[in-house]
Amino acid sequence: MSDPEHSTRFGRRTLGLLLGAAAASPVLGGCGGSDEAAEPPPRSRSAEAPAQPERIDYGGQPEQFGEITFPRTRGLPKGTVIVVHGGFWRADTDLTVMRPAAAALVAAGYVAWNIEYRRIGGGGGWPSTFDDVAQAADRLAALGSTRIDLRRIVVLGHSAGGHLAAWLAMRAGLAAGQPGAGPAVRPAGVVTQAGVLDLASFRRTGDRTAVDDLVATTPGADPARYRAVSPAEAVPLGVPSVCVHGSADAVVPIAQSEEFVAGATAAGDRSELVRVEGADHMQLVDVAHPGWAASLAAVQRLAG
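Residues numbered from 1 in each chain as written. Predicted model: local features only at pLDDT ≥ 70, side-chain atom pairs only at ≥ 80, totals over all residues. Heavy atoms only, no water.

Draft legend 1. Local environment of helix H3 (residues 128-138). Of all 11 residues making up H3, eight are buried, and the element is well covered by its neighbours. Where H3 is concerned, the buried positions are Ser 128, Thr 129, Phe 130, Asp 132, Val 133, Ala 134, Ala 136 and Ala 137. Those residues of H3 that are buried lie in contact with strand E3 (80-84), strand E4 (111-115), helix H4 (160-169), helix H6 (208-215) and helix H7 (223-229). (Buried < 20%, exposed > 50% of the residue type's maximum accessible area, 1.4 Å probe, protein only. Helix = DSSP H or I, 4+ residues; strand = E, 2+ residues; numbered from the N terminus. Contact = heavy atoms within 4.5 Å.)

Quick look at the structure:
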């Protein structure tokens, strides 16, 4: 099927427009009016350059890294957000598509940990993709409590990244020996943006090839594996969730979020559906769109 999500052309165009807009924004500053040489006045916080991401490796493979950015705030950050990009788990989409979202989170006072992982066509699939995402999340524990408050971590993921974000939230319930079991980091909540939350259902109604390549089996052949990797089959997750979804999404049906929220709520989880009227699949990660504002508001609710 046609998949606008993993069009790298769209990702670069969106990123370019957003970065171009940021570059055109006015910068506050000042200078003295005297002709005499003098020390420049101290720069205010508002005049500081935007916080820059730092690359951190969490493993030895080329795709096992993330970009962490700390906000330039006087006090402690409001929390930390693990950012997981989508692309139907395939290698032709990478973390660059989520850099504007990560920057917007940092501007709102959060630490952003924008993670990369091995993907289909680049050494990913079962179990590498799951191993990588789990290791990336647990890498935060090694940064220490002075930089990261492990009690205030929220996971945010778009599309296939929404699936992986919800999967991170269900790791505590995995049996020993399964990929991702025994997490060092347990998120306080998860925000999915047009998330693929029921892999068996999406295999029937969406991109069957992508699901088969990711899981490396079928629901009939190995139902236990599907239960271990599909959030809809693992409820209750044990953490609050907010599913943000556009009503005009033609790539991942909004039913994925509607049915997940209904099942999670029935199982005892605190789960919420935020329907963004008229929004398509990619507008949720466009930081100038109301779909992104809804996602940021969800992060703020869950981070406390």
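Draft legend 2. The sheet that holds strand E1 (residues 54-57), seen in detail. Spatial ordering of the open sheet is given by E1-E2-E4-E3-E5-E6-E7-E8, a layout of eight strands whose pairing is mixed. Every other strand in the sheet has two partners, leaving E1 and strand E8 (271-276) as the edge strands with one partner each. In this sheet, adjacent strand axes meet at a mean angle of 20° when their direction is disregarded. Where strand E2 (residues 65-69) lies against E4, four bridges are found, and the strand directions are antiparallel. Bridging across to E4, Glu 67 finds its partner in Asn 114. Against the sheet, helix H2 (residues 99-107) makes contact with E2, E3, E4 and strand E5 (153-158), and its axis sits at roughly 165° relative to E4, the strand it touches most. In the packing of helix H9 (residues 290-303) onto the sheet, the strands contacted are E3, E5, strand E6 (189-193), strand E7 (241-246) and E8, and the crossing angle to E6 comes to about 170°. (Pairing = 2+ DSSP bridges. Axes fitted to C-alpha atoms, helices over the stretch in contact; angles between N-to-C directions.)

Draft legend 3. Local environment of the side chain of Arg 203. Summarising the element assignment, Arg 203 is placed in helix H5 (residues 199-205). Residues contacting Arg 203, with those up to four places away along its chain left out, are Arg 208, Val 211, Asp 212, Thr 218, Pro 219 and Tyr 226.

Draft legend 4. Geometry of the pairing of E6. The element E6 is largely enclosed, with a buried count of five among its five residues. With burial as the criterion, each face of E6 is covered, one bearing Gly 189, Val 191 and Gln 193 and the other bearing Val 190 and Thr 192. Crossover connection from E5 via H4 to parallel E6: handedness right-handed. Where E6 meets E7, four bridges bridge the pair, whose relative direction is parallel. Paired with Gln 193 across the two strands is Val 244, which belongs to E7. (Right-handed = clockwise from strand over helix to strand, strands pointing away.)

Draft legend 5. Quick peek at helix H8 (residues 255-266). Between its first and last C-alpha, H8 extends 16 Å over 12 residues, near the 16 Å set by a 1.5 Å rise per residue. All of the buried residues along H8 are Gln 256, Ser 257, Phe 260, Val 261 and Ala 264. Mapping the buried residues of H8 onto a view down its axis gives an arc of 120°, with all of them on the same face. Relative to its buried face, H8 has exposed residues pointing more than 90 degrees away, namely Glu 259 and Ala 266. (Expected span 1.5 Å × (residues − 1). Arc of directions from axis to C-beta.)

Draft legend 6. Looking closely at the pattern of salt bridges. Taken as a whole, this structure holds 14 salt bridges when the rule is applied. The salt bridge partner of Arg 119 is Glu 63, with a shortest N-O separation of 3.0 Å. Of this pair, Arg 119 sits in the loop between E4 and H3 while Glu 63 is found in the loop between E1 and E2, placing the two residues 56 residues apart along the sequence. We classify Arg 119 as buried; its relative accessible area is 6%. Across the pair Arg 208 and Asp 212 runs a salt bridge whose closest N-O atoms are separated by 3.8 Å. In this pair, Arg 208 and Asp 212 both sit in helix H6, four residues apart, roughly one turn of the helix. (Salt bridge = Lys/Arg side-chain N within 4 Å of Asp/Glu carboxyl O.)

Draft legend 7. Representation of the environment of Arg 72 in the model. Counting through the fold element by element, Arg 72 comes out in the loop between E2 and E3. Here Arg 72 falls in the partly exposed class, since its relative accessible area comes to 44%. In sequence terms Arg 72 and Val 106 are 34 residues apart; their C-alpha atoms lie 8.2 Å from each other.

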